[in-house]
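# Per-entry structural report
What follows is each chain in one-letter form.
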Amino acid sequence: MKSKLLLIAALMSAVAVQARTDEVSLSDTLSMSLDQCLDMALGYNYTKQSVVLDEDTRQADLKQSKMEFAPDISANLSENVSRTNADGTNWNGSYDLSASMTLFQGGELLTTLKQNKMIYEQTRLQTQQYNNELTISVLESFLTALGYEELLSYQETIAESSRQQAEEGKVKYEAGKILESDYLLLEAQYATDKDNVTTTRINLENTLVNLKNLMAMDLSQQIKLISPDDAVLEAMLTIPTREEVVFRGMETMPEVKISDYNVQIAEKSVRIAKSGYYPTITLNGGIGTGHAVDFSRYGNQLSDRFGPQGGITVSIPIFNRNRTQTNVKQSKIALQQAELEYKQSIKDIEQTLINEYGEVLSTMSRYKASAIKENAYYSSFMAYTEKFKAGAITTVQLLQQQNDYISAVNDYVQNKYTFMLQRKILDVRIGEEVRM
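The rules behind these values
Residues numbered from 1 in each chain as written. Predicted model: local features only at pLDDT ≥ 70, side-chain atom pairs only at ≥ 80, totals over all residues. Heavy atoms only, no water. Core = buried A, V, L, I, M, F, W, Y, C linked by side-chain atoms within 4.5 Å. Buried < 20%, exposed > 50% of the residue type's maximum accessible area, 1.4 Å probe, protein only. Helix = DSSP H or I, 4+ residues; strand = E, 2+ residues; numbered from the N terminus. Contact = heavy atoms within 4.5 Å. Salt bridge = Lys/Arg side-chain N within 4 Å of Asp/Glu carboxyl O.

## Structural notes on the nonpolar core
- Core analysis: the largest hydrophobic core is formed by 64 residues, its most contacted members being Val138 and Leu225.
- Going through the elements one at a time, helix H2 (34-44), helix H4 (108-174), helix H5 (180-214), strand S4 (222-225), helix H6 (230-236), helix H7 (242-252), helix H10 (323-389) and helix H11 (395-429) are the ones with two or more residues in this core.
- Considering every element that reaches this core, the biggest residue donor is H4, with 14 residues.
- Not counting chain neighbours up to four residues away, the residues in contact with Val138 comprise Leu34, Cys37, Leu38, Ala41, Leu211 and Leu214.
- By size, the runner-up hydrophobic cluster in this structure holds 5 residues, among which are Val263, Ala266, Val270 and Leu335.

## Concerning the environment of Ala159
- In this structure, Ala159 sits in helix H4.
- Judged by its relative accessible area of 9%, Ala159 falls in the buried class.
- Considering only alpha carbons, one finds Ala159 and Asp260, 101 residues apart in sequence, at a separation of 57 Å.
- Not counting residues up to four positions away in its chain, the partners in contact with Ala159 are Tyr190, Asp193, Lys194 and Val197.

## Considering the pattern of salt bridges
- Tallied over the full model, the rule gives 16 salt bridges.
- When the shortest N-O distance is used, the salt bridge between Asp427 and Arg423 registers 2.7 Å. Linking Asp427 with Arg423, this pair stays in helix H11, spanning 4 residues, or about one helical turn.
- Look at Arg423 and you get buried, because its relative accessible area is 7%.
- For the salt bridge of Lys424 with Asp427, the shortest nitrogen-to-oxygen distance reads 3.6 Å. Taken together, the residues Lys424 and Asp427, both in helix H11 and 3 residues apart, mark about one turn of the helix. This pair shows no difference in class: Lys424 is buried, exactly as Asp427 is.
- Each of Asp39, Glu433 and Arg435 takes part in a single network of salt bridges with overlapping partners.

See below:
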């Protein structure tokens, strides 16, 4: 592509194309590969950090469910004073240490522990799911920006050539060698080419801003993307079979396991609801002492009143206005909904894989076809340029060929990077490395 651009410039204007000078120095510009962009996004993206905090919250819930098996221990100290006309001032106090532990609660504690383990594992899968979504977003912005950069380099070359054509056309028009209409066409073409450059540059800057936002980077920071070598694109042309994509996708996509966990969590909710039918057995125990008014025997009173106490409490549910029955019924309905959603999600995920596989094949076909078309229109445009220089064709004919070639290049660049994006999205789905 670069050699073609140089040849176009030589034939049309014989003027070398100079690169744009950035407003900042080179030392202020970060050169970033796709790997570096992915690492920064996965490490610093604010939404990703929020997702990780959700994971930490679920881990805390899991730890708490384990501690529910431990006893509750509390200490109570009290000193009371009262005064009546008959008895005068009375002063007494008590000190005790008590503990209670649930021995049986219909299996609710153990079931809740198992459920929280599932919820924690599901949250970790949701983090992985977001990582995949963030990776795809970074891929989209990165490859789109590269596409704009490639298109921009071509458009700047054409715009410079059009400027030279317009200047030469003005000289020829003033000398009476061409018609005014031909000169105006050259001016119009130059204006169009400048507008194309401006539009693409704005699109590039907006895409880079979006990429920097994904990486939680200062939006004023200048970055320069490093393009992958041609071997990367060649490797992408090797496509696995549809059957392999579906099989590997169903094995690796976190959405499948997340949906399966929804069913298992709902099953545990049914078991927890049913625990309301069973009695609760609690072990209680403690030690305590106290004193009365006479402080002269304070130590003896504490010793005399010191003693342990303990017992077992059994709470048997008899009637709670059908709350347990309602909870069981609602949890069973939730389980049925989770099972239906799981079955539907499997179908949806399989359909997504099949559709994305088809999109990869389609974009690859368009990319290959547009590459052939670009080469053909390039050869035609070069031939017409030579004819125009020899005076064998009109300005209108030359500009028509030029616009056809511009359209072919636009299609080629768009199809190239669209294919690369779809191909890498497929790698994300099947758990392949997406680095370049």
